[in-house]
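Structure at a glance
Letter by letter, the chains look like this.
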Amino acid sequence: MKITRSKSHTETEWKWYHCRMTPTQKRIFAILIFISAAYFTVFIFPNNTGAKDQMMISLFEPDEFAQYPVVLKMLTPGETFKQTVYNFITYGHYYYGSPFYFSSALLLLPVKLTDSLRASSQLNMLLLRQFISVLPMLGALLLLTYTQTKFKSAAKSIGLFIFLLSVSAVVENNLWWHVDSLAVFFTALTLFFLDRDDQRFGINFALAAASTGLATGTKVIGLFFVLTIPTYLLIGVLSKKLTWRAAVLQGALFVGIMAAAIVISNPFLLLSSQRDQMILTLSRQSGSMSEGWTLAYDVGPASWLNIITRLYGQLIFITLAFIALALGIWRGENRTRHLMIATWAFPLGLYVLFTIAIKPTHFFLPILLPVYSSLIVLFEFPPFTDKKSRTPVSLLLGGLALAIIAYQFAIYINKDVELYREVLTREEHEESLIFYSTIEKDYLPLIQTDQQLTIFRDVRMYFPDNDQWNVRTYWNSKYSTIEKLRPDIIILWSQRILDYTQEGALESAVDPVAFQDTYTFFVDADKDQIRGYRQVYRDGEGLMFVSDAVYEQYFQK
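Residues numbered from 1 in each chain as written. Predicted model: local features only at pLDDT ≥ 70, side-chain atom pairs only at ≥ 80, totals over all residues. Heavy atoms only, no water.

Overview of the overall build of the protein chain
The helix and strand tally for the protein chain stands at 26 helices and five strands. Compactness check: the protein chain gives a C-alpha radius of gyration of 27 Å against a globular reference of 24 Å for 557 residues, within 12% of the reference. Along the three orthogonal principal directions, the C-alpha set of the protein chain runs to about 90 × 60 × 45 Å. Burial status across the protein chain gives 52% buried among its 557 residues. Sequence separation of at least 24 residues holds for 73% of the intrachain contacts in the protein chain that already meet a minimum separation of 6. Across the protein chain, the mean location of the 48 positive side-chain charges is 16 Å away from that of the 46 negative side-chain charges. (Helix = DSSP H or I, 4+ residues; strand = E, 2+ residues; numbered from the N terminus. Rg over C-alpha atoms; globule rule 2.2 N^0.38 Å. Buried < 20%, exposed > 50% of the residue type's maximum accessible area, 1.4 Å probe, protein only. Contact = heavy atoms within 4.5 Å. Lys, Arg positive; Asp, Glu negative; His and termini not counted. Charge placed at Lys NZ, Arg CZ, Asp CG, Glu CD.)

Here is the structure:
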């Protein structure tokens, strides 16, 4: 389709259609792509560990273990083509939206067509970690870098990009397969389109609505643009680019496009049964996140302090980043850009700080990465501008800001190396693998039977599934589950016993009445008094119990 120039298009918008970049921008973009390719490659090595079989995945990342069977099920053909499509769309694990699961399943489709999907867990997890976590994060950081610098300065663009890549929370998030990189990408994409729209309320504004819908449809967080869009429209009214009536119409258009993007990207919403299941799932998850999974967690900024300082930065650095954001809103070259970031970051940040009880380390990624990108504003002020504007005070403040950034960068790199090495060598040092090696050598061979025995294992304890063992995995343990399943062998995680039997555990439970059964079970396990079972092995990592019948037949001397 030929695009004809109209009077409503500014020169900038016209260039957008042709995707024109100056030679300088192209050169900078090429350098950033090279850095991205190298960065992507570096993560192949640690991401190719910890998944020799499906059970091993749960030792290192229980979330991956919960998500992986969902993708396998999505790629399992039904009896008819219609059933196959239905199975793919109605994946059931509605904690996360279809963009995450669709992209994950489609990524593994070639493996499914050329190999046995279930026999390729290591390859599958490598692909998922690289292309669903590392790649979208690179895309998000490239978008944030372009939004702030427009690739006009090599030093600013490359420096900002490398700094964002070094954030330890980013590195940690690159070492697993999870939804958050996609959520960060769609967040950055929304900010990118809003900045590109530049109060014209044209195609980029519509694209911002669509990307907000994708952010919402992936992990709900797109709803936290609730202040950003009204603020953007209000700026349009105050600057005489919109009338109040036009602002209302543009707002309605934005909501309509956003809603359409949510439904189109999550087609299961068209089915009432699946929609009800999603609402129930998210309601249950919301309750757990605000209280805790089993035990009640602390809430408030102080409870987040360790995670923030360990993975996101020292408080003095974070303060500097928010000062830069405030400077951008006050006197930056593009005040609206930084105001959009602020109106996005503050609602979500306050919600996480004061409402979320559980402590996922990745929750601040979509909040703080855009804020950190505004550090570039510091270079719009003395002493980083023309020499004539330099004063002793500006030189002192500028030097202090650079020192803080350099200090934080050094802390990031040190932590990044630690995180990288830990994952790269995790199979060598995982205590659960050592525990299994011991019982495999000294205890399991004593059980000589042609019957398949049932194994109850804590999700954090390794026990591979095969023809001899029917392995059942649980995130929690209690007598009611044991009495219903009646396993022949129970494998428990020592840390779970410690957590659930510590002083005050019963009183701090989210539901003390429901927790009583769990508490009693773990107290008995710690004392080797599980009803109907005998402890045959215990070390610092785990415990192995066998039923009285198995004990009497194979272990009693």
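Regarding the pairing of strand β5 (residues 542-547)
A large share of β5 lies buried, amounting to six of its six residues. Here β5 shows a buried face lined by Gly542, Met544 and Val546 and a second buried face lined by Leu543, Phe545 and Ser547. Examined bridge by bridge, strand β3 (residues 489-493) and β5 share five bridges and lie antiparallel to one another. Residue pairing across strands places Ile490 opposite Phe545, the latter belonging to β5. Note that strand β4 (residues 533-538) and β5 share five bridges and pair antiparallel. Paired with Tyr533 across the strands is Ser547, a residue of β5. Joining the antiparallel neighbours β4 and β5 is a turn of three residues. (Pairing = 2+ DSSP bridges.)

A few points about helix α9 (residues 154-166)
Between its first and last C-alpha, α9 extends 18 Å over 13 residues, near the 18 Å set by a 1.5 Å rise per residue. Those residues of α9 that sit buried are Ser157, Ile158, Leu160, Phe161, Phe163, Leu164, Leu165 and Ser166. Contacts from the buried residues of α9 go to α2 (23-42), α8 (121-149), α10 (168-173), α17 (315-331), α19 (365-373) and α20 (392-424). (Expected span 1.5 Å × (residues − 1).)

Structural notes on the nonpolar core
Across soluble globular proteins, you tend to see nonpolar side chains buried next to one another. The biggest cluster of nonpolar side chains holds 150 residues, and the ones touching the most others in it are Tyr312, Leu369, Tyr372 and Met544. Setting aside residues no more than four positions away along its own chain, Leu369 makes contact with Met137, Leu141, Leu144, Leu164, Val167, Val170, Val184 and Phe364. Leu492, Tyr500, Phe515 and Ile530 belong to the second largest nonpolar core, which has 19 residues in total. (Core = buried A, V, L, I, M, F, W, Y, C linked by side-chain atoms within 4.5 Å.)

Quick word on the pattern of salt bridges
For the structure on display, the rule yields ten salt bridges. The partner of Arg531 in a salt bridge is Glu483, and the shortest N-O contact between them spans 3.1 Å. Of this pair, Arg531 sits in the loop between α25 (512-526) and β4 while Glu483 sits in helix α23 (residues 479-485); the two residues are 48 residues apart in sequence, bridging distant segments of the chain. For Asp526, the salt bridge is made with Arg538, and the minimal N-O distance between the two is 2.7 Å. Here Asp526, found in helix α25, pairs with Arg538, found in strand β4; they are twelve residues apart in sequence, far enough to count as distant. (Salt bridge = Lys/Arg side-chain N within 4 Å of Asp/Glu carboxyl O.)

Notes on empty space enclosed by the protein
Evaluated as defined, the whole model comprises two cavities of 30 Å³ or more. Considering only enclosed or pocket space, the largest cavity measures out at about 60 Å³ in volume. Together, Leu194, Asp195, Asp198, Gln199, Tyr232, Asn334, Thr336, Arg337 and Met340 line the largest cavity. When contributions to the lining of the largest cavity are tallied by element, the ones reaching two or more residues are α11 (180-197) and α18 (335-355). Top element by residues in the lining of the largest cavity is α18. It accounts for three residues. (1 Å grid on protein atoms, 1.4 Å probe; cavity = no way out; pocket = protein on both sides within 12 Å on 5 of 7 lines; lining within 4 Å. Points joined across faces, edges and corners; volume = space filled by probe spheres on them.)

Comments concerning the sheet that holds strand β1 (residues 453-458)
Overall, mixed pairing links the five strands, which are arranged β2-β1-β3-β5-β4 in an open sheet. Edge positions in the sheet fall to β2 (469-474) and β4, since each of these pairs with one other strand and no more. Taken over all neighbouring pairs, the strand axes of this sheet differ in orientation by 20° on average, direction set aside. Sheet analysis places β1 next to β3, joined by three bridges and oriented parallel. Bridge pairing in β3 places Ile455 opposite Ile489. Together, β4 and β5 form the strand contacts of helix α26 (residues 548-555), whose direction differs from that of β5 by roughly 90°. (Axes fitted to C-alpha atoms, helices over the stretch in contact; angles between N-to-C directions.)

Points about a nonpolar patch on the surface
On the surface, Ile162, Phe409, Ile413 and Val417 cluster together to form a nonpolar patch covering roughly 280 Å² of accessible area. Note on placement: Ile413 falls in helix α20. (Patch = residues over 30% accessible without salt bridge, like charges linked within 9 Å, V, L, I, M, F, W, Y side chains within 5 Å. Areas by Shrake-Rupley, 256 points an atom, 1.4 Å probe, with all protein chains shown as cover.)

Notes on the packing of α18 against α19
Axis separation between α18 and α19 bottoms out at 9 Å; the angle between their running directions is 145°. For the element pair α18 and α19, the recorded crossing hand is left-handed. Here Ile341, Trp344, Ala345, Leu348, Gly349 and Val352 of α18 lie close against α19, whose contacting residues are Pro366, Ile367, Pro370, Val371 and Ser373. Classifying every residue of the contact of α18 with α19 by side-chain character gives nine nonpolar, two polar and no charged. (Left-handed = near helix turned anticlockwise from the far one by under 90°. Nonpolar A, V, L, I, M, F, W, Y, C, P; charged D, E, K, R; others polar.)

Some thoughts on the confidence of the model for the protein chain
On average, residues of the protein chain score 91 in pLDDT, and 96% of them reach the 70 mark or higher. Below pLDDT 50 for its whole length, residues 1-18 participates in 19 contacts with residues either more than four positions away or in separate chains. (pLDDT = per-residue confidence, 0-100.)

Observations concerning the packing of aromatic side chains
One pass over the full model with this rule turns up 43 aromatic pairs. Ring centres of Tyr551 and Phe555 lie 6.2 Å apart, and the angle between their planes is 10°; on these two criteria the pair is classed as stacked. Here Tyr551 pairs with Phe555, and both are found in helix α26, just four residues apart, close to one helical turn. Members of the aromatic cluster, joined through ring pairs, are Tyr91, Tyr94, Tyr96, Phe100, Tyr101, Trp177 and Phe268. Stacked on the ring of Trp493, the Lys or Arg Arg460 has its end atom at 4.8 Å from the ring centre. (Phe/Tyr/Trp six-rings, centres within 6.5 Å; stacked < 30°, edge-to-face > 60°. Lys NZ or Arg CZ within 6 Å of the ring centre and 35° of its normal.)

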